[in-house]
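Residues per chain, in single letters:
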Amino acid sequence: MRIRDDVLRFPAYRGNESTARINLDKNESPWDLPHELKEEIAREIKKIEFNRYPHIHSRPLRENIAETYGLSFKNVAVGNGCDELLGYLVKLFTGNYVIIAPPTFSMYALYARFHGIPMREIPLRRDFTIDGEKMAKEANNAAAVFIASPNNPTGNTQPEDEIAKILDTGAPVILDEAYWEFAGKSLINLLHEYPNLIIVRTFSKAFGLAAIRAGYMLASEEIVDALHRIKVPYGMNALSMMVASKLLEHKELVMRRVRYIIAERERIYRKMGRYAYPSQANFLLIKLDAYDFLMRRGIAVKRLEGRLRGHIRVTVGRREENNMLLLALKEFQEARNCG
Ligand code: PMP
């Protein structure tokens, strides 16, 4: 037996072993579900027949998502987190390479590498917007173009006219809207106009369901049908489907929490002054090399590399967590100025 060398060259994922008291590193929601809602979910779990397979293509959850966003279930696919869907999307279409716009979400490049698909990188401009013209020029031979809006880790949304330039080429555009609720804007309305637009979203962020691993994709019937041909059958378990569906019935709770996070994000932005970049997501990019300093104080954030070396990405937490973060960052700046 020998494990493939290219597999061993992949980074080993590090999970939740952080011992930090305050976790602002994974863009999670800072709140668990309210107790009463968990009780309701517990009652629903008892109704599930554990001996039966769930729907082969997860139709119950797809129908609920479709109804929420005014589409047909035939335009919706679901996966174990949108990460699973992204993994399929890199290999669904013909083309010579995939296009990504770094700095962006690392999984696009990782999946492309894993499937042996070459990558063409067209870096974000200085203001972190995509260069739609350059990307469109390369798009004709591309198997997919990945765009995150709001982008992780920079936090900005991408201009619609730049995205439209790429959509106009007809190449598959995978628009990752994992954080769209915090921006309050989406390109969902363009789905009817562009059959090559694929929107990917998640229950892990605004819905606060990172533990149950549920993501979804909105696209043409043709693309959804093709995806189901290669997707693991019975891929989404009945418990996760039920919990995600339940949260769709509690949109007011989700939106209340989103408003809180937005208000806190803007407060952090104002307090951090020129060290923070504007954000439309549930995190902020901060121009301070404070990772180790914060870690020693029990605050976990994300340390960035490459072009964003010397920056950190901080998730917006609860008010008291954000206060601790702001205090620690102030101490960091003071220590640095004195040193
Ligand atoms: N897209 C982006 C831009 C993300 O930041 C993340 C999570 N960090 C994901 C997708 C994956 O989300 P999920 O939990 O649904 O796999």
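Our subject is the structure that appears above.
To start, this report covers the structure provided alongside it. (Residues numbered from 1 in each chain as written. Predicted model: local features only at pLDDT ≥ 70, side-chain atom pairs only at ≥ 80, totals over all residues. Heavy atoms only, no water.)

## Regarding the overall build of the protein chain
Looking only at helices and strands, one finds 13 helices and 12 strands in the protein chain. Rg of the C-alpha trace for the protein chain: 20 Å, near the compact-globule value of 20 Å for 339 residues, within the 12% margin. Considered along the principal axes of its C-alpha atoms, the protein chain spans approximately 60 × 55 × 50 Å. The buried share of the protein chain, reckoned over its 339 residues, is 54%. For the protein chain, restricting intrachain contacts to residue pairs at least 6 apart in sequence, the fraction spanning at least 24 positions comes to 71%. Across the protein chain, the mean location of the 50 positive side-chain charges is 4 Å away from that of the 42 negative side-chain charges. (Helix = DSSP H or I, 4+ residues; strand = E, 2+ residues; numbered from the N terminus. Rg over C-alpha atoms; globule rule 2.2 N^0.38 Å. Buried < 20%, exposed > 50% of the residue type's maximum accessible area, 1.4 Å probe, protein only. Contact = heavy atoms within 4.5 Å. Lys, Arg positive; Asp, Glu negative; His and termini not counted. Charge placed at Lys NZ, Arg CZ, Asp CG, Glu CD.)

## What to know about the site of the ligand
Close to the ligand lie Gly81, Cys82, Asp83, Phe105, Asn152, Asp176, Ala178, Tyr179, Thr202, Ser204, Lys205 and Arg213. Contact distances for the ligand include 3.2 Å between a nitrogen atom and a side-chain N or O atom of lysine 205. Considering the ligand on its own, with 400 Å² of exposed area, one finds that the protein chains cover 92% of that surface. For the shell around the ligand, the residue count by class is 4 nonpolar, 4 polar and 4 charged. (Near = heavy atom within 4 Å. Polar contact = N/O pair within 3.5 Å; in protein donor to acceptor, adjacent residues only side chain to side chain. Areas by Shrake-Rupley, 256 points an atom, 1.4 Å probe, with all protein chains shown as cover. Nonpolar A, V, L, I, M, F, W, Y, C, P; charged D, E, K, R; others polar.)

## A closer look at a positive patch on the surface
Where like charges cluster on the molecular surface, the positive patch consists of Arg126, Arg274, Lys287, Arg307 and Arg336. Considering the arrangement of structural elements, one finds lysine 287 in the loop between strand E9 (283-286) and helix H12 (291-296). (Patch = residues over 30% accessible without salt bridge, like charges linked within 9 Å, V, L, I, M, F, W, Y side chains within 5 Å. Salt bridge = Lys/Arg side-chain N within 4 Å of Asp/Glu carboxyl O.)

## Description of a nonpolar patch on the surface
On the surface, a nonpolar cluster with roughly 580 Å² of combined accessible area is contributed by Met1, Ile3, Val7, Leu8 and Phe114. With respect to the helices and strands, leucine 8 occurs in helix H1 (residues 5-8).

## A short note on the packing of helix H6 (residues 132-139) against helix H7 (residues 160-167)
Geometrically, a packed helix pair is captured by the angle between its two axes and the distance between the axes. At their nearest, the axes of H6 and H7 sit 8 Å apart, and the two run at 15° to each other. As summarised for this structure, H6 and H7 are arranged roughly parallel, according to the angle between their axes. Our pair here, H6 against H7, has a crossing hand that is right-handed. Listed contacts from H7 to Gly132, Glu133, Met135, Ala136 and Ala139 of H6 are Glu162, Lys165 and Ile166. Broken down by class, the residue content of the contact of H6 with H7 amounts to 4 nonpolar, 1 polar and 3 charged. (Axes fitted to C-alpha atoms, helices over the stretch in contact; angles between N-to-C directions. Parallel < 35°, antiparallel > 145°, perpendicular 65-115°, else oblique. Left-handed = near helix turned anticlockwise from the far one by under 90°.)

## Here we look at the packing of aromatic side chains
Evaluation of the coordinates by the stated rule reveals 12 aromatic pairs. Between phenylalanine 105 and tyrosine 108 the ring centres are 5.5 Å apart and the planes differ by 80°, which places this aromatic pair in the edge-to-face class. Look at phenylalanine 105 and you get partly exposed, because its relative accessible area is 23%. Seen in terms of ring centroids, phenylalanine 203 and tyrosine 216 are 5.5 Å apart; in terms of plane orientation they differ by 55°. Their pairing is tilted. Of the two residues, phenylalanine 203 sits in the loop between strand E7 (197-202) and strand E8 (215-218) while tyrosine 216 sits in strand E8, which places them 13 residues apart along the sequence. Grouped by ring-pair contacts, the aromatic residues Tyr69, Trp180, Phe203, Phe207 and Tyr216 constitute a single cluster. Directly above the ring of tyrosine 69 sits arginine 201, whose terminal nitrogen or CZ lies 4.9 Å from the centroid. (Phe/Tyr/Trp six-rings, centres within 6.5 Å; stacked < 30°, edge-to-face > 60°. Lys NZ or Arg CZ within 6 Å of the ring centre and 35° of its normal.)

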